Amino acid sequence: MRGKPGDLLRKPGEAQQATFLELFFDLVFVLALNQLSLALVEHLTWGGAAQALLLLLALWWVWTNTAWTTDLYDPQQPAVQLLVIATMLGTFLMAVALPDAFGRTSLVFAGLYVAMHVGRHLFFVLALRGHPLQQRTARLLFWFGLSAAPWIAGAFAPGAARAALWAVAVSIDYLAGAIRYPTPRLGRAPAREWPIVAEHLAERYRLMFIIALGELVIVAGQTLHSSGFAPDRTAAAVVSFATTVLLWRIYIYRAAEVLPAVIAMAADPDRLARWALFAHLPMVAGVVVTAVGVESVIAHPSGHTEPAWIAVMYGGPALFLAGLVLFGFEVFGRISGDRLIGLFVLAALAPVAFLLPPLLAALAVTAVLVGIVLADARPGRHRGRRPGQPA
């Protein structure tokens, strides 16, 4: 490789916004999340939900590691660009394999996951020879190599054994990140190994959430198209669109708006950025589950409401709100009462919703979200708050 190892790193003073390459990379996650929601629609059981969670965790860790890679390394460098494009291709193939990941394409899904993570960090171990950050990527390579064994073994295992092995593999990946990759001879990664780019990471989190909302719009449009423009189904699609807008409004206002400043001003910005990352996971998961509920209510707006439909119609927004409560607590040090009340109201309404047709049950969820938005808009709601305080 030509040049010095340090040439791959971001330079102080460079633009902090996400690059066009990163936005291009995000496009494959529209497909991935769409495939995930469709797979959950086809297997709307507890077992299907557990499998969907494992697949989402794998996809999220691919996206997360890529976002942190482009935060540390300069995405304008040709080598970094090729690495992102290679990861994009791998994610695309993972998304195609996703519907049958617990069947005939298990080795494709697991093999691509392992190859992307191990390949990325092997490249940086070689490229950063003599640079202090070589130890950082060596730690990550060690742990991804460790989780590779249950990932690949699971691809060959039958049924429940595959799910168990993949659960072990995912646990290794996430736990290693949470405890900062303690590695033999290298120790644990320092709390502030390298400065993070707060505005860039915050923008990446926000863009990923918007990508998830885009998946919700796609599912609603596809289901309405295949079901026809009957009045009740069109009304269900309008309610679903309103729910999408409300989720966006609740997320953006106000916590997401001030996230870059809060991370930048934090005493430990690295820890705060990691917590923001983990808090976004249930929010994105909630949108994916909401998309499954949207498909159910548009396809079946009238008649008896199935328990599984209630679970996704109410569970999706509840997951989103739970993630937002965690986000506010960990990032801003306090819990938003409006979001917490919304969670309790959804839990109280869910048993009653069994008595309602699907369209009315979905409309009740929308009404709860409207209540949260109206609470946010109260006059003087944020008077006297510092910029870093949450809604």
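This structure is a prediction, so every number in the text was calculated from the model and none was measured.

*Asks:* In this structure, what is going on with the confidence of the model for the protein? I would like to understand it.
*Replies:* Within the protein, residue pLDDT values average 88, and 93% of them lie at 70 or more. pLDDT under 50 marks residues 383-391. Its contacts with residues more than four places away, or in other chains, come to 23 contacts.

*Asks:* Would you explain a nonpolar patch on the surface in this entry?
*Replies:* Residues Ile 210, Val 217, Phe 241, Val 245 and Trp 248 make up a contiguous nonpolar surface patch of roughly 440 Å² in combined accessible area. The dominant element in the nonpolar patch, judged by the number of residues it contributes, is helix α8 (residues 231-265), at three residues. By the secondary structure assignment, Val 245 is in helix α8.

*Asks:* Which parts of the structure should I look at to understand helix α3 (residues 78-97)?
*Replies:* Side chains that are three or four residues apart share a direction in an α-helix, a result of its 3.6 residues per turn. The end-to-end C-alpha separation of α3 is 29 Å, in line with the 28 Å expected for 20 residues at 1.5 Å each. Every buried residue belonging to α3 is among Val 80, Leu 83, Val 84, Thr 87, Met 88, Gly 90, Thr 91, Met 94, Ala 95 and Ala 97, and all of these are buried. The inward-facing, buried residues of α3 abut α1 (20-42), α2 (46-72) and α4 (106-127).

*Asks:* Quick question: what am I supposed to make of the packing of α2 against α4 here?
*Replies:* Geometry of a packed helix pair, given as the angle between the helix axes and the separation of the axes. Interhelical geometry of α2 versus α4 gives an angle of 20° and a closest axis separation of 11 Å. By the criterion of interaxial angle, the relationship of α2 to α4 is roughly parallel. Our pair here, α2 against α4, has a crossing hand that is left-handed. Two secondary-structure elements touch here, α2 through Leu 55, Ala 58, Trp 61, Val 62, Asn 65, Thr 66 and Thr 69 and α4 through Phe 109, Tyr 113, Met 116, His 117, Arg 120, His 121 and Phe 124. Along the lines of polarity and charge, the residues of the contact of α2 with α4 split into eight nonpolar, five polar and one charged.

*Asks:* Could you clarify how one ought to interpret the nonpolar core in this entry?
*Replies:* Side chains of a nonpolar character, in soluble globular proteins, are inclined to be buried together. Counting residues in hydrophobic clusters, the biggest one holds 128 residues, and the most contacted among them are Phe 29, Phe 109, Trp 151, Trp 166 and Tyr 314. No other element matches the 17 residues that helix α9 (residues 269-299) contributes to this core. For Trp 151, the contacting residues outside a window of four places in its chain are Ala 58, Phe 109, Ala 110, Tyr 113, Val 114, Trp 166, Ala 169, Val 170 and Asp 173.

*Asks:* I would appreciate a short explanation of helix α11 (residues 337-353) in the present structure.
*Replies:* Across its 17 residues, α11 extends 24 Å between first and last C-alpha, which sits within 8% of the 24 Å expected from 1.5 Å per residue. Of all the residues in α11, the buried ones are Asp 338, Arg 339, Gly 342, Leu 343, Leu 346, Ala 350 and Ala 353. Mapping the buried residues of α11 onto a view down its axis gives an arc of 140°, with all of them on the same face. Exposed residues on α11 whose side chains face more than 90 degrees from its buried face are Ile 341, Phe 344, Ala 347, Ala 348 and Pro 351.

*Asks:* What is the right way to look at unusual backbone geometry in this model?
*Replies:* Trans is the common state for peptide bonds, and a negative phi is the common state for residues other than glycine. Although it is not a glycine, Tyr 181 sits at a positive phi angle of roughly 50°. Following the sequence through the fold, Tyr 181 ends up in the loop between α6 (159-178) and α7 (198-227). Residue Tyr 181 is classed as buried on the basis of its relative accessible area of 8%. The residue Arg 185 is not glycine, and still its phi comes out positive at about 75°. On the secondary structure map, Arg 185 appears in the loop between α6 and α7.

*Asks:* Looking at this structure, how should I read the side chain of Ser 240?
*Replies:* Within the secondary structure, Ser 240 sits in helix α8. The contacts of Ser 240, once residues within four sequence positions are left out, are Leu 216, Val 294, Val 297 and Ile 298.

*Asks:* In this structure, what is going on with the pattern of salt bridges? I would like to understand it.
*Replies:* Between side chains of opposite charge, a pair can form when the charged atoms approach closely. Within this structure, the stated rule accounts for four salt bridges. With a shortest N-O distance of 3.2 Å, Asp 100 and Arg 104 are connected by a salt bridge. When salt bridges with common partners are traced through the structure, they connect Glu 22, Asp 26 and Arg 204 into a single cluster.

*Asks:* Mind showing me how you'd approach the packing of aromatic side chains here?
*Replies:* This structure, assessed with the given rule, holds 15 aromatic pairs. Ring geometry for Trp 63 and Tyr 205: centres 6.4 Å apart, planes at 50°, overall tilted. Of this pair, Trp 63 sits in helix α2 while Tyr 205 sits in helix α7, and the two are 142 residues apart along the sequence. Residue class for Trp 63 comes out buried when judged on its relative accessible area of 0%. Note on Tyr 205: relative accessible area 1%, which makes it buried. Consider the rings of Phe 109 and Trp 166, whose centres lie 6.1 Å apart with planes at 35°: the pair is tilted. Of this pair, Phe 109 sits in helix α4 while Trp 166 sits in helix α6, and the two are 57 residues apart along the sequence. Classification of Phe 109 as buried rests on a relative accessible area of 0%. Here Trp 166 falls in the buried class, since its relative accessible area comes to 1%. Through a chain of ring-to-ring contacts, the aromatic side chains of Phe 102, Phe 109, Tyr 113, Trp 151 and Trp 166 assemble into a single cluster.

*Asks:* What exactly am I supposed to notice about the environment of Thr 70 here?
*Replies:* When you line up the elements, Thr 70 lands in helix α2. With a relative accessible area of 2%, Thr 70 lands in the buried category. Taking the C-alpha atoms as reference points, Thr 70 and Gln 81, separated by eleven residues in sequence, lie 9.2 Å from one another. Apart from the residues lying within four places of it in its own chain, the contact partners of Thr 70 are Arg 10, Glu 22, Pro 75, Val 84 and His 200.

*Asks:* When you look at the environment of Gln 51 in this model, what are you seeing that I'm missing?
*Replies:* Structurally, Gln 51 can be placed in helix α2. Taking the C-alpha atoms as reference points, Gln 51 and Pro 231, 180 residues apart in sequence, are found 35 Å from one another.

Basis of the calculations
Residues numbered from 1 in each chain as written. Predicted model: local features only at pLDDT ≥ 70, side-chain atom pairs only at ≥ 80, totals over all residues. Heavy atoms only, no water. pLDDT = per-residue confidence, 0-100. Contact = heavy atoms within 4.5 Å. Patch = residues over 30% accessible without salt bridge, like charges linked within 9 Å, V, L, I, M, F, W, Y side chains within 5 Å. Areas by Shrake-Rupley, 256 points an atom, 1.4 Å probe, with all protein chains shown as cover. Salt bridge = Lys/Arg side-chain N within 4 Å of Asp/Glu carboxyl O. Helix = DSSP H or I, 4+ residues; strand = E, 2+ residues; numbered from the N terminus. Expected span 1.5 Å × (residues − 1). Buried < 20%, exposed > 50% of the residue type's maximum accessible area, 1.4 Å probe, protein only. Axes fitted to C-alpha atoms, helices over the stretch in contact; angles between N-to-C directions. Parallel < 35°, antiparallel > 145°, perpendicular 65-115°, else oblique. Left-handed = near helix turned anticlockwise from the far one by under 90°. Nonpolar A, V, L, I, M, F, W, Y, C, P; charged D, E, K, R; others polar. Core = buried A, V, L, I, M, F, W, Y, C linked by side-chain atoms within 4.5 Å. Arc of directions from axis to C-beta. Phe/Tyr/Trp six-rings, centres within 6.5 Å; stacked < 30°, edge-to-face > 60°.

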